[in-house]
Structures are given as C-alpha cells and as structure tokens.
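Fold and geometry: a report
If you want the building blocks of each chain, they are given just below.
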Amino acid sequence: MKTTTQPIEIYDTTLRDGAQMEGISLSVADKLNIAQALDDLGVSFIEGGWPGAIPKDTEFFALALSKLQLRHATLAAFGATRKVGTKASEDPQVLALLESGAPVITLVAKSDLRHVTDALKTTGQENLAMVRDTVQFLVKEGRRVFLDAEHYFDGLTHDAEYGLKVLKAAGEAGAETVVLCDTNGGNLPSSIGAKVMEARDYLDKNGLTQVKIGIHTHNDTGCAVANAMAAIEAGAAQVQGCVNGYGERTGNADILTLAGNIEIKLGRPALLNEKGLAELTRTSHRVAEITNLQPSKRLPYVGDSSFAHKAGLHASAIRVNPDLYQHIDPATVGNDMRMLVSEMAGRASVQLKAKELGIDLSGTPYLTGRVVEAVKEKESHGYVFDAADASFELLVRAQGGDLPTYFEVETWRTLVQAGRASLSENGEAEAEATVKLRTRDGRKIVTGEGNGPVNALDHALRQALSQTYPDITNFELVDYKVRILDTTSGTDATVRVLITTTNGDIQWTTVGVGEDVIEASWEALVESLTWGLMHLGVRPKV
C-alpha cells in the first residue's frame with residue numbers, strides 16, 4: 001500500500017446509529033447539543049437522523065437551520081432509496097430528505113442480493129434502478145449524495161459481483177461517496193482490507209476515479225476500529241462511527257479512537273478543527289453527560305484509565321521517562337497521566353501518586369516506605385486506593401503526622417424500623433441514626449433520619465458538624481457503590497464502600513471497609529468530610 005497524507009473525512013452517526021444503543025433516548029435538545037459538540041471537535045459530517053420517517057428527526061432538522069452554528073461540520077440527512085415501482089420525485093420519504101434542508105443526503109441501499117429478493121421482494125435490476133433514480137434526482141436538486149451499501153461485505157460472499165454493481169450505479173448517477181457497510185459486524189480486518197481494495201480497483205476501471213469510498217463498521221467481533229483502519233489503509237477516504245462507540249448491539253466504531261489513530265498513528269488529517277485532537281477527551285465526557293451514560297474508563301485515548309499506571313515496575317520507569325510506558329503524551333488528546341496505588345505499588349508509584357496530589361515524598365524514603373506498607377496492609381483487608389484518591393491522600397498524611405483532626409467521634413448507632421406501620425409516605429423503611437462527637441464547640445449528640453441507615457448517618461453527621469464547619473452544608477454525595485468482597489460468607493461477608501462527594505466545584509472519592517455495609521459507609525463518610533474540609537483550607541476546631 002502506498003503511503004499517503006490525503007485527509008480522511010470523519011462522518012459521525014451518533015445522532016442516528018448511536019441513538020439506537022440500548023439505554024440511550026435523545027431529545028431534540030440533546031441532539032442539538034451533541035451536534036454542537038461534534039462540530040467543536042471538527043468532524044466533517046454530522047448525520048442528524050431520518051427526517052420524514054422519525055418525527056423527532058424531522059423536528060431536529062427544522063430547528064438545526066436556526067439553532068446550530070456549525071463552523072466545521074456539514075449536516076447530513078439519512079434516508080432510503082425510492083420504493084419499488086415508484087418515482088423518486090414522487091416518493092414521500094425521498095421528498096422529506098429534500099425538505100430537511102440538509103446539504104448532504106446519505107441514502108441506504110441494499111447491496112446484498114438476498115436482501116433485495118427476500119426483504120424488498122424485487123429484482124436485482126429494479127434495486128439498481130432505485131439507486132440510480134434516487135441519486136440522480138437528489139443530485140439534480142443540488143444535494144451532495146452519499147450511498148450506504150448495506151450488508152456489503154456479507155453480500156459479496158453470496159454474489160461476488162452484485163455489490164460492486166450497486167456501487168457503480170450510485171457512482172454513475174452522481175454519488176460523491178459510496179460507503180461499504182459491515183452491517184452485521186462479523187468481518188475481520190484482512191477481509192475488509194481486501195474487499196475495499198477490490199472496490200477501489202473496480203470503480204477506477206469503470207471510470208469512476210472521482211467517487212470516494214467510505215467505511216461503516218460495527219463492533220460485533222470487537223474489530224470495528226481495526227476494520228475501519230484496515231479500510232482506510234486500503235483506500236477508504238471516509239470513515240463512519242459514533243462517539244464513545246455507541247450504537248446498537250455491541251456498538252459502532254468509535255470515532256474518537258479513529259481520529260486519534262488516523263492523525264497520530266497514520267499522520268493524516270481527519271479533524272477540521274486544528275485543535276481537535278486536544279478536544280477528544282472533553283468531547284467524550286461532554287457527549288456522555290448528555291446521553292447520561294458513564295463513559296468507560298478503558299476507552300482508548302480518552303478513558304480515565306487510558307494513561308493510568310498501577311504496577312510498580314511501570315512507575316519506576318515513568319519516573320525516569322514517561323514515554324517508556326505511554327505510546328503518546330496524554331495531553332495530546334486532552335487527557336492526563338494518573339498513578340494508581342495498590343498492593344502492586346512500589347516506592348516510585350507512591351511518590352508519583354503523592355506528587356500528583358501535591359505531597360512531595362522524594363526526600364523522605366522512610367516515610368515512603370511506611371506509606372507503601374500501609375497501602376499493602378490495608379489492601380490485604382479489602383481497601384482499594386486506585387479508585388479513592390482522597391482516602392490515599394489521608395493515609396499519606398496520617399503516616400506523616402500531617403492529618404488534621406476536625407472532630408472526635410465517641411459513638412454512633414443506627415436504627416431501622418420495619419413493618420407496615422413504620423413505612424414512610426414513599427413506602428420506604430424509616431431509619432434514624434445517633435452520632436456523639438466532640439469539636440472545639442463542645443460535645444454534640446444529634447439524631448438524624450433518612451430513607452435508610454446510611455442516609456440517616458449522613459444526615460446526623462452533617463447536623464452535628466454544620467454549626468462548627470458550615471462549609472459542610474455544600475457537600476453532596478453524588479455516587480455510592482457497595483462491593484461484597486467475600487461472596488462465600490453470605491450476610492457475614494466483608495463489605496467495601498466507595499463514596500463520591502462534591503462541593504459543586506470538585507469531586508472526591510473515599511473508601512471504607514467493614515464487616516457490614518453500615519460500618520464501611522461510616523468510615524467512607526468520615527473520610528469524605530475530612531478530606532473536603534482539608535482541601536477547603538478549613539482549620540480544625542477540636
């Protein structure tokens with residue numbers, strides 16, 4: 001294959017294909033916001049949906065004309081070729097594509113002869129006519145037309161020529177790009193690459209050198225990105241996919257991973273925003289927030305774990321040269337390197353992680369050793385610090401005698417009343433908790449109520465401290481995770497709790513471990529308040 005620096009068009013279909021993912025339901029406002037995020041990233045095309053077939057998509061295109069201020073991307077409308085036995089100029093669905101106002105129309109057409117005869121109930125020749133007629137009509141009306149050749153790769157295994165004839169019909173009718181679709185997601189990179197080269201050669205021999213080839217892959221074999229990259233290296237000039245790999249079943253190719261691979265690894269331009277690469281991580285989180293889906297930490301380039309290092313051997317090398325265990329500088333894609341502390345941690349891991357948190361241990365080998373041993377001891381009992389930076393910082397400060405004490409707890413207890421008579425208006429069991437503690441303002445005995453024992457404890461603890469430390473009233477618990485560590489012990493198992501708290505500006509996570517969920521939760525709650533007050537610079541009053 002020849003080395004080239006020709007740009008690759010990124011065609012995003014998050015608003016259509018991505019929206020078909022289980023758990024995603026996008027409002028028109030959501031679609032507009034995601035489209036803006038994609039334009040800020042610098043994709044070439046944004047597929048807004050299927051106007052005329054889906055009312056929400058029709059509304060999106062109507063609003064997009066006035067609401068979206070696109071600086072980089074071009075809006076595309078998705079739809080089908082004319083119906084069997086009709087004229088393109090009289091087909092309501094085709095006319096709806098024109099009425100959308102989108103400058104680009106992407107038509108889906110059958111390229112597997114089995115689908116033509118079994119699903120459309122027509123002949124191969126009529127299907128080719130449907131492609132030609134619809135493309136010609138839309139081009140004549142001043143639209144740029146792309147053709148998605150559905151089931152292209154699977155179709156070639158049944159009829160080695162028919163899919164190529166579909167591409168030729170579209171190209172001769174004026175289609176700018178023909179997109180080869182691995183609709184079932186069952187192909188592998190070697191076959192994808194070979195068939196893309198075959199298509200390119202076929203179009204060239206038929207005088208259609210100006211027609212671009214695109215690629216659309218699904219992740220059913222875990223190869224969506226690899227298949228798309230193989231297609232690009234074989235001559236594809238456009239790649240379709242979704243942010244964060246969204247899409248039905250196992251998802252579509254992740255355009256963020258593709259953008260990183262194309263620009264960084266192949267050295268070819270892909271994003272129209274010159275600073276787009278640095279926006280990759282922000283875009284991932286921005287779209288995930290709109291879809292209300294937690295982004296996977298393991299996503300390439302943009303995931304929280306993409307540049308996270310846990311093994312002590314890695315940390316030792318990274319301290320000398322970060323490039324030894326990182327394929328790129330995380331800042332290139334808007335991400336950060338993180339050091340994770342665990343039972344695998346050595347001195348280098350602890351020192352790098354402490355430095356990340358603003359604590360310099362480089363000149364204190366004795367203290368570093370104490371922290372390493374403390375981490376290993378606690379993790380042997382079920383604690384995890386790679387997901388609880390706040391608790392790790394408190395541990396380091398405790399080992400160094402630098403941990404502030406904001407209050408001293410005497411006792412705490414919880415009570416849950418069960419039975420129909422004790423249920424709240426919402427049908428939940430009523431719970432109360434009593435906390436006894438001391439601060440410089442004196443001894444506090446407070447009882448709090450909640451919709452469970454942990455919630456009641458949280459309320460009681462905050463009430464007991466709010467007068468002395470009013471900043472606590474701004475703290476809010478935003479995530480709560482429980483893990484049973486010994487699944488063979490039933491209700492007597494050790495429990496780990498992770499609590500994430502925010503003050504409106506930052507979030508922090510603490511960990512607690514105990515013989516029951518309430519004990520573990522109490523420890524995590526106390527550490528959460530301690531860390532929050534410490535990072536606000538509040539002075540202890542004990």
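The structure presented is a predicted model; accordingly, all values stated were derived computationally and were not measured.

On to the sheet that holds strand E2 (residues 45-47). Reading around the circumference, E1-E2-E3-E4-E5-E6-E7-E8 is the order of the 8 strands in this closed barrel, with parallel pairing throughout. Averaged over all pairs of adjacent strands, the angle between their axes in this sheet comes to 25 degrees, without regard to strand direction. Two strands pair when backbone bridges link them, and strand E3 (residues 74-80) and strand E4 (residues 104-110) are joined in this way by 5 bridges, in the parallel orientation. Bridge pairing links Ala80 to Val108 in E4.

This structure, assessed with the given rule, holds 24 salt bridges. When the shortest N-O distance is used, the salt bridge between Asp402 and Arg397 registers 2.6 Å. Overall, Arg397 belongs to the buried group, its relative accessible area being 17%. Asp458 is paired through a salt bridge with Arg462; the nearest N and O atoms lie 2.7 Å apart. In this pair, Asp458 and Arg462 both sit in helix H16 (residues 453-466), 4 residues apart, roughly one turn of the helix. Look at Asp458 and you get buried, because its relative accessible area is 10%.

Attention now goes to the packing of aromatic side chains. One pass over the structure, following the stated rule, counts 10 aromatic pairs. Summarising the aromatic geometry, the rings of Tyr11 and Phe45 are spaced 6.1 Å apart at their centres and angled 40 degrees between planes, so their arrangement reads as tilted. Of this pair, Tyr11 sits in strand E1 (residues 9-12) while Phe45 sits in strand E2, and the two are 34 residues apart along the sequence. Taken individually, Tyr11 and Phe45 each receive the classification buried, so the pair is uniform in this respect. With 5.0 Å between their ring centres and 90 degrees between their planes, Phe45 and Phe146 make a pair best called edge-to-face. In this pair, Phe45 is assigned in strand E2 and Phe146 in strand E5 (residues 144-150), connecting sequence segments 101 residues apart. Grouping residues by exposure puts Phe45 and Phe146 together as buried. Ring pairs connect the aromatic residues Tyr11, Phe45 and Phe146, which therefore count as one cluster. Of note, Lys31 hangs over the ring of Phe60, and the distance from its end group to the ring centre comes to 5.4 Å. The side chain of Lys378 reaches across the aromatic face of Tyr383, ending 4.2 Å from its centre.

Right, let's get into unusual backbone geometry. Residues other than glycine seldom take positive phi values, yet Asn244 does so here, at roughly 60 degrees. Within the secondary structure, Asn244 is located in the loop between strand E8 (238-241) and helix H10 (255-265).

We now examine the packing of helix H1 (residues 28-41) against helix H2 (residues 55-67). Two elements in contact, H1 and H2, have axes separated by 10 Å at closest approach and are oriented at 50 degrees. When the axes of H1 and H2 are compared, the pair comes out oblique. Crossing geometry of H1 relative to H2 is assigned as right-handed. In contact with Val28, Lys31, Leu32 and Ala35 of H1, H2 contributes Lys56, Asp57, Glu59, Phe60, Leu63, Ala64 and Lys67. A per-class count over the contact of H1 with H2 returns 6 nonpolar, no polar and 5 charged.

With that settled, the discussion passes to H10. Buried residues dominate H10, accounting for 8 of its 11 residues. Ile255, Leu256, Thr257, Leu258, Ala259, Gly260, Asn261 and Ile262 are the residues of H10 that are buried. Contacts made by the buried residues of H10 are with E1, H1, helix H9 (224-233), E8 and helix H11 (280-291). Its side-chain oxygen 2.9 Å from the backbone nitrogen of Leu256, Asp254 forms the N-cap of H10. Looking at the residues trailing H10, positive phi occurs at Gly267, about 70 degrees.

Moving on: H9. In terms of residue burial, H9 counts as a mostly covered element, since 7 of its 10 residues are buried. Buried residues of H9: Ala224, Asn227, Ala228, Met229, Ala230, Ala231 and Ile232, and no others. Looking at the packing, one finds that the buried side of H9 touches strand E6 (177-182), helix H8 (189-205), strand E7 (212-217), E8 and H10. Positive phi appears at Gly235, one or two residues downstream of H9, with a value of about 130 degrees.

Here helix H3 (residues 92-99) crosses helix H5 (residues 124-140) at 30 degrees, and the two axes come no closer than 11 Å. Between H3 and H5, the angle is such that the two are roughly parallel. H3 and H5 meet at a crossing whose hand is right-handed. Together, Val94, Leu95 and Leu98 of H3 and Thr134, Phe137 and Leu138 of H5 make up the contact between the two elements.

With that settled, the discussion passes to the sheet that holds strand E12 (residues 430-439). Spatially, E11-E12-E13 is the arrangement adopted by the 3 strands of the open sheet, whose pairing is antiparallel. Of all strands in the sheet, those with a lone pairing partner are strand E11 (408-417) and strand E13 (442-450), marking the two edges. Neighbour-to-neighbour, the strand axes of the sheet open up by a mean angle of 10 degrees, direction not taken into account. Where E12 lies against E13, 9 bridges are found, and the strand directions are antiparallel.

Conventions adopted
Residues numbered from 1 in each chain as written. Predicted model: local features only at pLDDT ≥ 70, side-chain atom pairs only at ≥ 80, totals over all residues. Heavy atoms only, no water. Pairing = 2+ DSSP bridges. Helix = DSSP H or I, 4+ residues; strand = E, 2+ residues; numbered from the N terminus. Axes fitted to C-alpha atoms, helices over the stretch in contact; angles between N-to-C directions. Salt bridge = Lys/Arg side-chain N within 4 Å of Asp/Glu carboxyl O. Buried < 20%, exposed > 50% of the residue type's maximum accessible area, 1.4 Å probe, protein only. Phe/Tyr/Trp six-rings, centres within 6.5 Å; stacked < 30°, edge-to-face > 60°. Lys NZ or Arg CZ within 6 Å of the ring centre and 35° of its normal. Parallel < 35°, antiparallel > 145°, perpendicular 65-115°, else oblique. Left-handed = near helix turned anticlockwise from the far one by under 90°. Contact = heavy atoms within 4.5 Å. Nonpolar A, V, L, I, M, F, W, Y, C, P; charged D, E, K, R; others polar. Polar contact = N/O pair within 3.5 Å; in protein donor to acceptor, adjacent residues only side chain to side chain.

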